Amino acid sequence: MLNATAISNSKINPKNINNKNDNSIGENAEQHLRVFPAYWKIRKQIKDDIMKSDFKIEELEERIRNLMCIDNHNDKNLSLIKQFIMYQNQNNSQKYLNTPNFHISEYESKKKKNSKNKTINEQKSNPQSIRSIETVYPEIIDSLNIAIKAFNDKLKTRIGLLADTFNKSIIRKRTIEEENTLKKNFWSKLEVMNSTSQYYIYGLPGKLGCPKSMNNIYFYNDIDLYNIITSLKSKFSDKLITRPPLPETYSSFWTSLSFHIKTPTVEEFRIKFKELNPNYVHLEILQEFENEKSKNTLNTRYELGNKIIKSSSRLAARQYSKYGLPMFQRVKLYEIMLISEFTDNINVYTYQYCSSLKNNILKFDLLIDDVIQNDVKQIQNDDSYFIFEDILSQVMYYWTRDNWLIPKVYQNKNVNNYGNTEGYFEPYTDNKIGKLYPPNGIIPIWGISSYAIPFCYLYNNPDNVYMLFREFYAKYSSRLHTINNSNGLVYQCHVFEHLFKQLDSVLYFHIQYIIGKSPLEIAFPWIVYSFIGMLDIEQILLLWDRIIGFDSLELIPIAAVCIFLYKKEALLNISNVNEIKNVFADNNSIKIIPLIQYYLFKYVSFKY
């Protein structure tokens, strides 16, 4: 409570009150202003100017006014834009640029300190390291619950359609005769038993997404997820903006998402992924040169990798992985970084665990087996992957039976094989047998087997492939088709849109408005399936090296943005939506990490 002395001693300045109100309006207007292309264009130019060594803070207002005059945008909207940019950039400039001998390392140390304090506070208020989306983004929870409820009803209908399509019950206990037949020659007999199923070949969905004309052979696909995410709406409105909201037909060309989630800026990403700065030497660059110096550097890195493998240090392995992993060291280093089970002999543990999963396959025949085996068949049309069909088939049989995934994916240690989960796409419980269906608690998205394909390049044994795949899936891939996660698909979509607008708002506007196709809709299958089927397998593994090393899926939407920037010239030369497919038809020349390095750090004028 304030006392009379404190009130009398305080200096009340009407100008300060007005400034405070103006700043408050400007700060709260950001979400509204994101629909204006001019806002992003001016903001980006101002940020670039601030990073110049000769920039003076007192010139900021005049610079904004000049930019507004150049574009002939002197209207009410731009006055709000001006207020917000002034508010944000003055704060940032005074905080860092006026510091004597300013260097990026000082900025980084401050960010780390603030991040550490924030993490401590979050842990005190919420002990779970991964929070659900309703905790972090409460403004969309009502809309999300409505969308998910409707979708769960649709899933129940699709289960019935799948049962009719494959002429099979949802779950059936095998007869003793069937079990004995399977025991004699397990995998080959299992393939023969399922050979009567009808298969449809559409190809991998990771490049162009699922065709809209697909038959009833899946539970849900990327199109369903996209429709859910783009239908979400915020229940809060900005009370400080008194004028009515923009018509949907006006704002929709600038975003596919009708609600706002805060994501890192370009500058913050440059700091978070500072090891990707071109100033650091990466494996891809070293392998391109054949001079003596590059060979010596490579040999030194290989020796370091061998030492890390011997030490089994997860922290050192992650740091080493940030610069790319050699193919001959990747398996051991992935095991160090990903395998969460503590065991003296991983090979013995793998054999025993997979044997227990085989016993479950022997006992129960599941409808989901036919759905996923149909999914596996999609690699038959791919020249790079078709040789792995048998291994992939066995891996996915394991996946459907493994209830180890339930607590790992849903972050709920109390979930058991007979209970329900916290997943929005609810699994089905068979009352007759008393088993959770599917046994792993996960309703699979169409293309689920794609996530396991890269691991088939690392092992010849399906048991080993599965054990590494399930760890990566539980920690990373599952989030790419999960909505109930603060770092899941909803967040990654916002990262994509916000970063794209920051790096090249003109190109974004051209695709969305001139061509008439949402950039997010184009990139959505790339993000959901983490570029499998879109990029060369080695490029995918090099990207995954960094995802594990930095422990961040944000590199996937960042990579998607960089691919658009790489294709900028071709995209600006088209104005028909039907031509987009040709632009992204050939991606063999894409080197994804150098691409991220170039575009993410393109405008950096300083060294770390």
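Analysis parameters
- Residues numbered from 1 in each chain as written.
- Predicted model: local features only at pLDDT ≥ 70, side-chain atom pairs only at ≥ 80, totals over all residues.
- Heavy atoms only, no water.
- Axes fitted to C-alpha atoms, helices over the stretch in contact; angles between N-to-C directions.
- Helix = DSSP H or I, 4+ residues; strand = E, 2+ residues; numbered from the N terminus.
- Parallel < 35°, antiparallel > 145°, perpendicular 65-115°, else oblique.
- Contact = heavy atoms within 4.5 Å.
- Nonpolar A, V, L, I, M, F, W, Y, C, P; charged D, E, K, R; others polar.
- Left-handed = near helix turned anticlockwise from the far one by under 90°.
- Phe/Tyr/Trp six-rings, centres within 6.5 Å; stacked < 30°, edge-to-face > 60°.
- Buried < 20%, exposed > 50% of the residue type's maximum accessible area, 1.4 Å probe, protein only.
- Lys NZ or Arg CZ within 6 Å of the ring centre and 35° of its normal.
- 1 Å grid on protein atoms, 1.4 Å probe; cavity = no way out; pocket = protein on both sides within 12 Å on 5 of 7 lines; lining within 4 Å.
- Points joined across faces, edges and corners; volume = space filled by probe spheres on them.
- Polar contact = N/O pair within 3.5 Å; in protein donor to acceptor, adjacent residues only side chain to side chain.

> Give a detailed account of the packing of helix 27 (residues 537-550) against helix 28 (residues 555-566), specifying residues and quantitative values.
One can describe the packing of helix 27 onto helix 28 by two numbers: an axis separation of 10 Å at closest approach and a directional angle of 140°. Our classification of the angle between helix 27 and helix 28 gives oblique. Contact residues: helix 27 offers Leu543, Arg546, Ile547 and Phe550, while helix 28 offers Leu555, Ile556 and Ala559. Considered class by class, the residues forming the contact of helix 27 with helix 28 number six nonpolar, no polar and one charged.

> Got a sec to walk through the environment of proline 326? Specific residues and values, please.
When you line up the elements, proline 326 lands in the loop between helix 17 (314-321) and helix 18 (327-338). With 219 residues separating them in the primary sequence, proline 326 and aspartate 545 have C-alpha atoms 9.9 Å apart. Setting aside chain neighbours within four positions, we find proline 326 in contact with Leu283, Tyr302 and Tyr320.

> Explain the packing of helix 18 against helix 23 (residues 462-475) to me, and be specific about the residues and the numbers.
Direction vectors running N to C along helix 18 and helix 23 enclose 50°, while the axes themselves pass 10 Å from each other. In terms of axis orientation, helix 18 runs oblique to helix 23. In terms of crossing hand, the pair formed by helix 18 and helix 23 is left-handed. Across the interface between the two elements, Tyr334, Glu335 and Leu338 of helix 18 pack against Leu468, Glu471 and Phe472 of helix 23. When grouped by side-chain class, the residues that make up the contact of helix 18 with helix 23 number four nonpolar, no polar and two charged.

> Account for the packing of aromatic side chains, with residues named and values stated.
Evaluated as defined, the whole model comprises 31 aromatic pairs. Their ring planes at 35° and their centres at 5.3 Å tell us that tryptophan 526 and phenylalanine 564 sit as a pair that is tilted. Of this pair, tryptophan 526 sits in helix 26 (residues 519-528) while phenylalanine 564 sits in helix 28, placing them 38 residues apart in sequence. Assigned by exposure class, tryptophan 526 and phenylalanine 564 land together as buried. One aromatic cluster is present, built from ring pairs that chain together Tyr398, Trp399, Tyr451, Phe455, Tyr466, Phe469, Phe472, Tyr473, Tyr476, Tyr529 and Trp544. In this arrangement the basic side chain of arginine 470 is found over the ring face of tryptophan 404, its NZ or CZ atom lying 3.8 Å from the centre.

> Any details on empty space enclosed by the protein? Residues and values, ideally.
Taking a probe equal in size to a water molecule and rolling it over the atoms shows the remaining empty space. Under the defined criterion, the tally for this structure stands at two cavities of 30 Å³ or more. In terms of lining, the largest cavity is formed by Glu335, Ile339, Ile346, Asn347, Thr350, Tyr459, Asn464, Met467 and Leu468. The residue makeup of the lining of the largest cavity, split by class, is five nonpolar, three polar and one charged. In this structure, the second largest cavity encloses a volume near 40 Å³.

> An account of the side chain of threonine 263 is requested, with residue identities and associated values reported.
Inspection of the secondary structure puts threonine 263 in the loop between helix 13 (248-251) and helix 14 (266-272). The exposure class assigned to threonine 263 is buried, which follows from its relative accessible area of 10%. Among the polar contacts made by the side chain of threonine 263, one reaches the side chain of histidine 498 at a distance of 2.9 Å. The contact partners of threonine 263, leaving out residues within four places of it in the chain, are Glu268, Tyr491, His494, Val495 and His498.

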